[in-house]
Every structure is written in C-alpha cells, then in structure tokens.
Amino acid sequence: MTAAGRQPIDVPGLVQRAREGQARAVARLISLVEDASPVLREVAAALAPHTGRAQVIGLTGAPGVGKSTSMSALVSAYRAHEVRIGVLAVDPSSPFSGGALLGDRVRMQEHATDDGVFIRSMASRGHLGGLAWATPQALRVLDAAGCDVIFVETVGVGQAEVEIAALADTTVLLLAPGMGDGIQAAKAGVIEIADVFVVNKADRDGADQTVRDLRYMLSLGGPHSAAGAWRPEIVRTVAVRAEGVADVIAAIDKHCAWMAGNGELDRRRRARAAAEIEAIAVSAMREQFRDVHGSASLDKLAAEVAAGTTDPYAAADRLVGELADDRGPQV
Ligand SMILES: Nc1nc2c(ncn2[C@@H]2O[C@H](COP(=O)(O)OP(=O)(O)OP(=O)(O)O)[C@@H](O)[C@H]2O)c(=O)[nH]1
Ligand SMILES: [Mg+2]
C-alpha cells in the first residue's frame, strides 16, 4: 500500500486499545515512536496522562552472562503474582535485531502466549536520534498500556548501555564467575550506576571470588560510598534453575522502597525527563539552523562581515536573535 492510500492513523483509538492491553496496538504505537512518525507528537500527548506508574528496571551485563535466562525467570516470578510485565530488549551495538535477540525470543517462548507479558526487541537500525531517544518513548507506550514492571535489557557494558540503563529506576548488573574481563569492562561506568549486582552462574566455580572482587571494587570509593548513598545489594543466582530470583526481586524492591522514601525516585525521573526535553529541544534547534544555511539573512550578514562593517560575533548574535524572533513566543 502506498503512503497516500493509507488510512489516517487513529491515534486516540490506538492508545485506547493499548490501554485495554491489546498487544497489536502496543506494537503499533512503539513502531510509530521508533520510526519518528509524523504523528509522534500526537502519540506523545495522548500517552502522557497515562504514564508515570510503571516501575522501570534496567538489566545489563556482558554477552553471555545470562541476561535472557534471568529475564525469563524474573518474568515467571512476577507473573506468579499477576504483575503485568513489559520487556524491551535493546541492542545498541547491532544495526538489526540479530542472533542474540533471536535467541532471546526462543528463551522467552514460554511467555509468548501470556497476554500479561509484552516483549519487544529494539535495535539501532540507524534511525533518527538512535536508541537513547527511542527507548524512553517505547517505555511510555508500555507504561500507558498498563505494564506494572518494565524491564529494559541491554547487551554489553559500554557507554550506550550506560545511557540506556540510566533510563531505569533501578539498574541491575549481571556478572558471572570467570568473566574477569566483564568486571574490568564494567568498571568503565556501569558499576557506578548499578543498584543491584547479580552474580549469576553461581553453580560454577569462582562465584565467591566474583562476589569478593565486586565487594573490593565497591569499597574503593565512587558514588556508592558517598554519604547517604544507596549501598548496592549483591545477589547470587543460578538463572537456569531459577535459583535466587526471589532474592533479586527482593533487592530490587528494597532499592525501590529506599528511593521512594527519600525522594530519589522523583529526582531520577525528573533528571530523565530533563535530559529528554533537552535532547528534543536541541534537535529542534539543529533543524532550525539547517534552514539558516544559504538563507538571505546569512548572505546579508556574510556580506557585512566580509566588508568589515560587522564582526562575526555580532553577526552571529543577530542571526540567533532573528531565529528566536521567527519562532515567536512558543516557549
Ligand atoms: N551454568 C549456568 N549456565 C547458565 C546460567 N544462566 C545462564 N546460563 C547459560 O549461559 C548461556 C548464556 O545465557 P543467556 O541467558 O543467553 O545470556 P545473555 O546474557 O542473554 O547473552 P547475550 O544475549 O548473548 O548477551 C546459555 O547457554 C545459558 O543456558 C546459570 O545460572 N548457570
Ligand atoms: Mg540475551
């Protein structure tokens, strides 16, 4: 079907159906925000009144530590209490949903027919603004759709993962014995933002050593040792046997209660909203400046600067001033 032949998108209807828990409507809304559809603003406005309720949990760790296995076990545990769950599996490194996410789908199979679980994979795909931009929008869709708990699973321990993990209320970092490299890489930044550490594959030799390494690293200072800061929990699991999963949930809930009790939850959410507004505003400004290139205003100012009647700083100030005037009192 051509774009011209397409029915206009019924945004209020879609949001209504998503709120009733219809998976297809949820999927469609996520696609709309992911693809930066022209109705993006309308979607964002329609979702806003229904958001802010979900508990967002980031789950990250090096490839192969057991994120997907743990996720599946966690989802089962939450579902036993009829908690509605959303899972966003985000792969910042791959341009397409690749093998890892296909594997996830197999591992998550047992939840595929559960209408209390919504699972979505997202990959970079090179789309506008990238995942750091698209992920919070997708989270809003799941939040509005009534998910009580939303997991954002990211692969790896690099900067992109740190950014995505920072979207969560609580960040869980998975490690495994014998993955010393993982701990080293994690030092790069995820350790600083993790609220709960899970040493998975505790059935293997070296789990005690990994816990000790972790304790040692946490004792070295950093944000976790600041006065009044949250002291991260360390939990051991054997995800393949669902062992320790209840302890992970208990640690997450403890962190959540701690945040709610001291205002940290509001602070984190506001900081996230501020970063999001900033990103949208900056990209809008960048668009505006693109229009300036080759414009009559710029030509006129360039002629003045070239002739020495104006200096480039004064010219730039005038240009910025004109842009602000053009926009009118929108803000
Ligand atoms: N022995 C043992 N193996 C585990 C455990 N948890 C997961 N595994 C195995 O470790 C392998 C990787 O598990 P995944 O859950 O796919 O790990 P992942 O972190 O999602 O991997 P990527 O998505 O590739 O980054 C699989 O073969 C699992 O069966 C565990 O507790 N003990
Ligand atoms: Mg995985």
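Our structure is the block above this text.
A short tour of the structure in this document, coming up. (Residues numbered from 1 in each chain as written. Chains lettered and ligands numbered in written order. Predicted model: local features only at pLDDT ≥ 70, side-chain atom pairs only at ≥ 80, totals over all residues. Heavy atoms only, no water.)

## Quick notes on the nonpolar core
Right, on to step 1. In this structure, V26, L29, V43 and L142 are the most contacted members of the largest nonpolar core, which totals 33 residues.
Right, on to step 2. For this core, the elements supplying multiple residues, two or more each, are helix 1 (11-19), helix 2 (23-34), helix 3 (40-47), strand 2 (85-91), strand 3 (117-123), helix 6 (131-144) and strand 4 (149-155).
Right, on to step 3. Among the elements that line this core, the one with the most residues is helix 6, at seven residues.
Right, on to step 4. Not counting residues within four places of it along the chain, the set of residues in contact with V43 comprises V11, L29, L32 and V33.
Right, on to step 5. Grouped together as the second largest cluster of nonpolar side chains are 26 residues, A176, V245, I249 and I252 included. (Core = buried A, V, L, I, M, F, W, Y, C linked by side-chain atoms within 4.5 Å. Buried < 20%, exposed > 50% of the residue type's maximum accessible area, 1.4 Å probe, protein only. Helix = DSSP H or I, 4+ residues; strand = E, 2+ residues; numbered from the N terminus. Contact = heavy atoms within 4.5 Å.)

## Concerning the packing of aromatic side chains
Right, on to step 1. According to the stated counting rule, one finds two aromatic pairs in the structure shown.
Right, on to step 2. Centroid distance Y78 to F151: 5.9 Å. Interplanar angle 65°. Geometry classified as edge-to-face. Of the two residues, Y78 sits in helix 4 (residues 67-79) while F151 sits in strand 4, which places them 73 residues apart along the sequence. Like Y78, the residue F151 is buried in the burial classification.
Right, on to step 3. Centre to centre, the rings of W230 and W258 are 5.6 Å apart; their planes meet at 50°, and the pair counts as tilted. Placement of W230 in the loop between helix 10 (207-219) and strand 7 (233-236) and of W258 in helix 11 (residues 245-262) is noted, with a sequence separation of 28 residues between them.
Right, on to step 4. A residue is classified by how much of its surface remains accessible, and W230, at 8% relative accessible area, is buried. (Phe/Tyr/Trp six-rings, centres within 6.5 Å; stacked < 30°, edge-to-face > 60°.)

## Quick notes on the pattern of salt bridges
Right, on to step 1. By the definition in use, this model includes 14 salt bridges.
Right, on to step 2. When the shortest N-O distance is used, the salt bridge between D195 and R268 registers 3.2 Å. Of this pair, D195 sits in the loop between helix 9 (190-193) and strand 6 (196-199) while R268 sits in helix 12 (residues 264-292); the two residues are 73 residues apart in sequence, bridging distant segments of the chain.
Right, on to step 3. On the accessibility criterion, D195 (2% relative accessible area) is buried. (Salt bridge = Lys/Arg side-chain N within 4 Å of Asp/Glu carboxyl O.)

## Things to note about helix 10
Right, on to step 1. Helix length check: helix 10, at 13 residues, gives a terminal C-alpha distance of 18 Å against a target of 18 Å (1.5 Å per residue), a fit within 8%.
Right, on to step 2. For helix 10, the complete set of buried residues consists of A207, T210, V211, L214, M217 and L218. Buried residues in helix 10, looked at end-on, bunch into an arc of 125°, giving them a common side. The exposed set on the far side of helix 10, more than 90 degrees from its buried face, consists of R215, Y216 and S219.
Right, on to step 3. Residue G221 follows helix 10 closely and has a positive phi angle near 115°. (Expected span 1.5 Å × (residues − 1). Arc of directions from axis to C-beta.)

## Concerning the side chain of S68
Right, on to step 1. Within the secondary structure, S68 sits in helix 4.
Right, on to step 2. On the basis of relative accessible area, S68 is assigned to the buried category, the value being 8%.
Right, on to step 3. A polar contact of 3.2 Å, which involves the side chain of S68, links it to the side chain of E153. (Polar contact = N/O pair within 3.5 Å; in protein donor to acceptor, adjacent residues only side chain to side chain.)

Nothing here speaks to function; it is geometry throughout.
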